[in-house]
Amino acid sequence: MSRLNSYKRQYLTRQLVFLIILCISFLSGYAQVDMERKQLFDNDWKFFLGDETQAKANDFNDSGWRKLDLPHDWSIEGKIHPKNTTGGGGGYFPSGVGWYRKSFLAPDNWKAKKTTIYFEGVYMNSEVFINGKSLGVYPYGYSSFGYDLTPYLNFGKENVIAVRVDNSQQMNSRWYSGSGIYRHVWMMVTDPVHVANWGIAVSTPEVSSKKATILVKVKVKNETASSKRIVVKTDLFNKNSKNVGHNQTQVEVPANAEKEITQTIQVSKPMLWTPETPHLYKAQVQISKDKKVLDDSKTNFGIRSLKFTVENGFQLNGKTVKINGGCVHHDNGCLGAAAFDRAEERKVELLKTGGFNAVRTSHNPPSEAFLDACDRLGLLVMDESFDCWKIGKNTNDYAKYFEQWWKKDLQTLILRDRNHPSIVMWSIGNEIAERGKPEAVETAKMLLQEVKKIDTTRPVTSAVVNFDKWENLDALINVHDVAGYNYNLHTAPDDHKRVPSRIIVQTESYPKDAFNNWKLVQENNYVIGDFVWTAMDYLGESGIGRWYYSGDVPGQHWENDLFPYHGAYCGDIDLMGWRKPISHYRSMLYNNNEKLCMAVREPAPEPLEIKETWWSVWPTWESWTWPGFEGKTIQVEVYSKYPKVRLYLNDKLVGEQKTSKEEQFKATFPIAYSAGLLKAVGVENDKEMESVILQTAGDASKIKLTADRKEILSNGQDLSYITVEITDKDGIFQPNAANRLNFKIEGPGTIAGVDNADIKDFEQYVSNTRKVWHGRALVVIKSNHQAGEIKLTVTSNQLEENSIFIKSTQNK
C-alpha cells in the first residue's frame, strides 16, 4: 500500500511538473511560430554523478538529482587525490561516469519543422537519449556533434533528453580534460528546407584595399518528399549593419537531397581583418519559396588574404607578420574545462595583453566561444585536431577511436571553424608516436587530403618532434604545407640548405629559449614564427615547468610521481591570469608597447640549491621583500628595450649596464639586499626616460579587491574575476603573504571557483576558502538568473576585512 501511495505521489508530482513546463514553454520562444533558429539549451538540467542504467527512460524519477545549468565540469568540483585514476597527466582529478537529464516541451508547430540537438563538446564517450531512444555514442570529447530529434518527439507533450557521459576509462589524456557537458548545448529548429549544419562557407579569394571578392558557398538541404524550387539570397553587412553587397540564386533542390550553390559578391573599400584591426562582417543567408522565408542563417567572417612563401614568410593582407605565438590547453583554471563565454573571452584578452599575436589550440579543437573571441579581439589561430593518430600515448586515448572516427572528427573541425578569419593554419597532429615509420607519412597525406577537400585557403601543418635523427623525418615533414618543429628551430638554417622550399614554424619551444628563438624568427624569412610551450599555466601534466630545491623529488615531470603538483608551471601567465616576468620579457622582444620591466631572481635558502627543469625558467618575482637575506647578494634582472638601464637602491646608484640586442635586452645586477625602494631606469642618449620600482612591504595588514568587471549580465553564465591582494598598512603589496582567506557571497550570484596559482596547493577549486600564494588569490563570481547587487566579503585572521560589489543586470 505504501508503495502504491508513493507511486501516486510520484505520478502527481510529475504531472504537476509537466503542467508547469507546459505553461512556461508556451510563454517562451518554444511556442512561437517565428522562433529563433538556434536556441540555447543550457538551463535547468538535472545531474547525477554515477552510473544509473535506467536514467534514459522518460519515467525515471530524477527528483533527487542535482539541478544545474550548463556548461558543467564535474571533475573540477572534486577532490584532487594521488589515487585518482587520471594520474599525473590528468592532474589527479576525479573522473568516472555521470548522467544529465532535461525535460522540455515540443510544441505542436514543431511537427512541420526539423529539430536537432547540438552539443558543442562533451567529455567523453557520450550517449544521448531522447524519450528513451539512443541517438548514438560520440567518443571524442572535443568534437561538436548533433542529432535529429524529429522522429522521436512527442509533440505537445513532455520530452526528456538524457545524456550518459563516460570518462571512466583512464588514462585517456596527457593533460586535464574535465568531465561532462562542458560546452554549450543548442536546440536547432528549422524548416525541412534549410541551410545544412555548417553549410555556409565564406572565403575571400581576392583582397585589396579598394575591393574584395567574397565567395559564398551554401549547402541547401531539402528534407521533404518533393523537389523544391527556391531562392537563396545572401546579404553582407559590415560592423555598422550596413548592407555592403548581395546576391541571389534560384535553384531546384531534389527531394531528400542536398545541393551546394556558389555566389560571388564584390565589396568595395573593405575593412580588412588583422590582429590590430579585427573588423568583422556578417553574411545573412535566406532561403525562400514563393516569397516566404523558410530559413534565415547568419555567420560572421573577415576579409583578409593569406600567403605563405619561403621568400616573404607569412603575409597577412600582403604584409609579412612574424608570429609570436603561445600554446594553450582548453581548461580555464579554477573553472576546469567549463567553457563559459566570458572565461574564453578573458583567455584571449590575457594572451593579447601578454604580447602574443597567435595561439595554438593544443592539442584539440577549441570551443566556439574561444574562436569567436579570437575573431573579435584579433588573435591568429593554429587550429589543431589530434594529439595522436594510430598509436596512442595513453591506454585509452584517441588512438582507440582513430581508425573509425578520424574522418568525421576532422571534417567536423574544418566545417565548423572554416569561416573564422582568425584561423590561419590547420594542424593535423602533435608529436605523433609513429612519426619515424612510413605509415605515418601515409596517414599525414590522408589527413591533409581530407582537409583540402573542404578548405584550400589555409596551409596544413603538424607538430613534429625529433626522436633519433632529424633528417629521417623529412618524408613526414615534407607532406605538410608548413613544417611544424617542436624544440628544433636551431636546425632551421641547416634544414633550409637541405630543403630550400621548406616554410618553418616552431610549434613548441622552451620558455628559457625566448631570445634565441626570436632571433631565428627575425633573421630568416622562411621561419614564420614561434609558439612557446606554453602561453598559460594549465591543469594536468603535473609538474612540467617546475623548479625545485635540492632534496625534493628530482627530475622531469614524466620521470616521477610528483603529487601534490597537479598542474603545469611552464606558462608565461599563471592560473590566475597574472603575468610572470618572462611574459614581459617575451613581449618586449616582439612588441614595442612596453620597454622596461624589473624582477628579482629568487635566492636559494642555503645550503639548499634551486634546480631547474627543461620547461622552467629561474623563479623570478616582482618583489623587493626578502626577509632573512639582509646583506646577502641577490640578483636583480632588468629587461629593457632602451640602450642602457640604471639601477638605484634607496636613491643611490647601484650601476649602469647596456641592454641592447647584444645583451639580449637584459641586464643582471648583483646587489646586497637591504630593505627600501629599488628603482630601474631606462636610459636613452644619457637621458632617463622611464622607471619601474619595487618597494619592500611591511607586515600583512589589508585585503585589496579588484574586479575585472564590476557589471555583469544576469544570464546565469556571466563572470567577474576578482583578484585578491594582501598589502601592508600603507597599501604596499606584500608578496610573501600566505594568509587563509574566507569568502562570503550575498545576492544573485555564486562563487564559481577560487585559485591562487600554486600548482602544489591541492585544495578544491570550488570552495569558499583559499590561502593566498605570493600575496595573491582569485575568486570567480558567476551570475544567476536574477538581476541585483552581488556582494563578496573577504575575511582573514588579523587582517582588515574587505568587500566588493558587482552589479548584475538583465540581458541587453
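Residues numbered from 1 in each chain as written. Predicted model: local features only at pLDDT ≥ 70, side-chain atom pairs only at ≥ 80, totals over all residues. Heavy atoms only, no water.

So, the overall build of the protein chain
Item 1. Each helix and strand counted, the protein chain has nine helices and 49 strands in total.
Item 2. Taken over C-alpha atoms, the radius of gyration comes to 28 Å for the protein chain, in line with the 28 Å a tight globule of 812 residues would show.
Item 3. By principal-axis analysis of the C-alpha atoms, the protein chain measures approximately 85 × 75 × 50 Å.
Item 4. With 812 residues in all, the protein chain has 58% of them scored as buried.
Item 5. Contacts in the protein chain between residues far apart in sequence, at least 24 positions, make up 71% of those at least 6 positions apart.
Item 6. Surface accessibility of the protein chain: about 33100 Å² in total, with carbon and sulfur atoms responsible for 49%.
Item 7. Side chains of the protein chain carry 100 positive and 98 negative charges; the gap between the two charge centres is 5 Å. (Helix = DSSP H or I, 4+ residues; strand = E, 2+ residues; numbered from the N terminus. Rg over C-alpha atoms; globule rule 2.2 N^0.38 Å. Buried < 20%, exposed > 50% of the residue type's maximum accessible area, 1.4 Å probe, protein only. Contact = heavy atoms within 4.5 Å. Areas by Shrake-Rupley, 256 points an atom, 1.4 Å probe, with all protein chains shown as cover. Lys, Arg positive; Asp, Glu negative; His and termini not counted. Charge placed at Lys NZ, Arg CZ, Asp CG, Glu CD.)

A look at the pattern of salt bridges
Item 1. Inspection of the entire model under this criterion finds 46 salt bridges.
Item 2. A salt bridge links Asp 387 to Arg 174; the nearest nitrogen and oxygen atoms lie 2.8 Å apart. Here Asp 387, found in the loop between strand 23 (380–384) and helix 4 (402–417), pairs with Arg 174, found in the loop between strand 9 (158–167) and strand 10 (185–190); they are 213 residues apart in sequence, far enough to count as distant.
Item 3. The class for Asp 387 is buried, based on a relative accessible area of 10%. (Salt bridge = Lys/Arg side-chain N within 4 Å of Asp/Glu carboxyl O.)

Observations concerning unusual backbone geometry
Item 1. That bond from Leu 70 to Pro 71 is cis: its omega, 0 degrees, falls within 30 degrees of zero.
Item 2. With respect to the helices and strands, Pro 71 occurs in the loop between strand 3 (66–68) and strand 4 (96–105).
Item 3. Here the amide bond leading from Trp 533 into Thr 534 is cis, since omega sits at 5 degrees, within 30 degrees of zero.
Item 4. Following the sequence through the fold, Thr 534 ends up in the loop between strand 28 (527–532) and strand 29 (538–539).
Item 5. Positive phi values are uncommon outside glycine, yet Asp 44 reaches one of about 65 degrees.
Item 6. On the secondary structure map, Asp 44 appears in the loop between strand 1 (38–40) and strand 2 (45–49).

Overview of the sheet that holds strand 39 (residues 677–684)
Item 1. The sheet built from four strands is open, its strands ordered 37-36-39-40 with antiparallel pairing. Across the chains shown, the open sheet's two edge strands, defined by having one partner strand only, are strand 37 (652–658) and strand 40 (687–695). Adjacent strand axes in the sheet meet at a mean angle of 20 degrees when their direction is disregarded.
Item 2. Summarising the sheet, strand 39 and strand 40 pair through eight bridges and their orientation is antiparallel. Looking at strand 40, one finds that Lys 679 is bridged to Ile 693. (Pairing = 2+ DSSP bridges. Axes fitted to C-alpha atoms, helices over the stretch in contact; angles between N-to-C directions.)

As for the packing of aromatic side chains
Item 1. Applying the stated criterion to the full structure yields 42 aromatic pairs.
Item 2. Ring geometry for Trp 470 versus Tyr 485: centroids 4.8 Å apart, planes at 75 degrees, classification edge-to-face. Placement of the pair is Trp 470 in the loop between strand 25 (460–465) and helix 6 (474–477) and Tyr 485 in strand 26 (residues 483–486), with a sequence separation of 15 residues.
Item 3. For Trp 470, a relative accessible area of 3% translates into the label buried.
Item 4. An aromatic cluster of three or more residues is present, and its members are Tyr 123, Tyr 140, Tyr 142, Phe 386, Tyr 398, Phe 402 and Trp 406.
Item 5. The lysine or arginine in question, Arg 776, covers the ring of Trp 578, its NZ or CZ lying 3.4 Å from the ring centre. (Phe/Tyr/Trp six-rings, centres within 6.5 Å; stacked < 30°, edge-to-face > 60°. Lys NZ or Arg CZ within 6 Å of the ring centre and 35° of its normal.)

Quick word on the packing of helix 2 (residues 341–353) against helix 3 (residues 368–377)
Item 1. Interhelical geometry of helix 2 versus helix 3 gives an angle of 45 degrees and a closest axis separation of 8 Å. When the axes of helix 2 and helix 3 are compared, the pair comes out oblique. Note on packing geometry: the crossing formed by helix 2 with helix 3 is right-handed. On helix 3, the residues that touch Asp 341, Glu 344, Glu 345, Lys 347, Val 348, Glu 349, Leu 351 and Lys 352 of helix 2 are Ala 369, Phe 370, Ala 373, Cys 374, Arg 376 and Leu 377.
Item 2. The residue inventory of the contact of helix 2 with helix 3, partitioned by class, reads seven nonpolar, no polar and seven charged. (Parallel < 35°, antiparallel > 145°, perpendicular 65-115°, else oblique. Left-handed = near helix turned anticlockwise from the far one by under 90°. Nonpolar A, V, L, I, M, F, W, Y, C, P; charged D, E, K, R; others polar.)

Section: the pairing of strand 18 (residues 306–309)
Item 1. The pairing of strand 18 with strand 19 (residues 313–316) spans four bridges and is classified as antiparallel. Within the sheet, the bridge partner assigned to Lys 307 lies in strand 19 and is Gln 315.
Item 2. Counted between consecutive antiparallel strands, the loop separating strand 18 from strand 19 contains three residues.

Observations concerning the nonpolar core
Side chains that are nonpolar tend, in soluble globular proteins, to be buried together.
Item 1. Judged by nonpolar contacts, the single largest core of 175 residues is most densely connected at Trp 45, Tyr 100, Ile 181, Phe 314, Trp 624 and Val 636.
Item 2. It is helix 4 that provides the largest number of residues to this core, a total of six residues.
Item 3. Counting 24 residues, the second-largest nonpolar core is a separate cluster that includes Val 195, Ala 212, Val 251 and Ile 303. (Core = buried A, V, L, I, M, F, W, Y, C linked by side-chain atoms within 4.5 Å.)

Quick word on the sheet that holds strand 41 (residues 702–707)
Note on sheets: strands pair through backbone hydrogen bonds, and any given pair is parallel or antiparallel.
Item 1. Strand order in this open sheet of four strands is 41-43-47-45, and the pairing throughout is antiparallel. Among the strands making up the open sheet, the edge pair consists of strand 41 and strand 45 (749–755). Neighbour-to-neighbour, the strand axes of the sheet open up by a mean angle of 25 degrees, direction not taken into account.

Topic: the packing of helix 4 against helix 5 (residues 438–454)
Item 1. Remark: helix 4 packs on helix 5, axes separated minimally by 9 Å, with the N-to-C direction vectors making an angle of 35 degrees. Judged by the twist between their axes, the crossing of helix 4 over helix 5 is right-handed. Only Thr 443, Met 446, Leu 447, Glu 450, Val 451 and Ile 454 of helix 5 make contact with helix 4, whose side of the interface consists of Phe 402, Trp 406, Lys 407, Leu 410, Gln 411, Ile 414 and Leu 415.
Item 2. Class assignment for the residues of the contact of helix 4 with helix 5 results in nine nonpolar, two polar and two charged.

Focus on helix 3
Item 1. Of all the ten residues making up helix 3, seven are buried; the element is thus mostly covered by neighbouring parts of the structure.
Item 2. Phi turns positive one or two residues past the end of helix 3, at Gly 378, with a value near 90 degrees.

Structural notes on the environment of Val 359
Item 1. In this fold, Val 359 is placed in strand 22 (residues 358–360).
Item 2. Residue contacts for Val 359: discarding those within four places in its chain leaves Gly 326, Val 328, Leu 351, Phe 370, Cys 374, Leu 379, Leu 380, Val 381, Met 382 and Phe 531.

Observations regarding the side chain of Ser 720
Item 1. Mapped onto the secondary structure, Ser 720 falls in strand 43 (residues 719–727).
Item 2. You can call Ser 720 buried: its relative accessible area is 0%.
Item 3. Among the polar contacts listed, one links the side chain of Ser 720 to the backbone oxygen of Arg 709, at a separation of 2.7 Å.
Item 4. Leaving out residues up to four positions away in the same chain, Ser 720 has contacts with Ala 707, Asp 708, Arg 709, Ile 712, Val 779, Val 780, Ile 781 and Ile 806. (Polar contact = N/O pair within 3.5 Å; in protein donor to acceptor, adjacent residues only side chain to side chain.)

Observations regarding the environment of Leu 380
Item 1. The topology assignment puts Leu 380 in strand 23.
Item 2. As for Leu 380 and Asn 560, which are separated by 180 residues in sequence, their C-alpha atoms are 36 Å apart.
Item 3. If near-sequence neighbours (up to four positions away) are discounted, Leu 380 is found in contact with Trp 273, Pro 275, Phe 314, Leu 316, Val 321, Asn 357, Ala 358, Val 359, Ser 422 and Val 424.

As for the environment of Lys 269
Item 1. Here Lys 269 is to be found in the loop between strand 15 (257–268) and strand 16 (281–289).
Item 2. A relative accessible area of 70% means that Lys 269 is categorised as exposed.
Item 3. Residues Lys 269 and Ala 212 lie 57 residues apart in sequence; the distance between their C-alpha atoms is 7.6 Å.
Item 4. Excluding anything up to four places from it in sequence, Lys 269 contacts Ser 209, Lys 210 and Lys 211.

Considering the state of the cysteines
Item 1. Using the criterion set out here, one finds zero disulfides in the structure.
Item 2. Here Cys 334 is not disulfide-linked; the sulfur of Cys 570 is the nearest cysteine sulfur, at 18 Å.
Item 3. Taking relative accessible area as the criterion, Cys 334 reaches 2% and is therefore assigned buried.
Item 4. Lacking any disulfide linkage, Cys 570 is separated from the closest cysteine sulfur, that of Cys 327, by 9.4 Å.
Item 5. Take Cys 570: its relative accessible area is 3%, and that puts it in the buried class. (Disulfide = S-S within 2.5 Å.)

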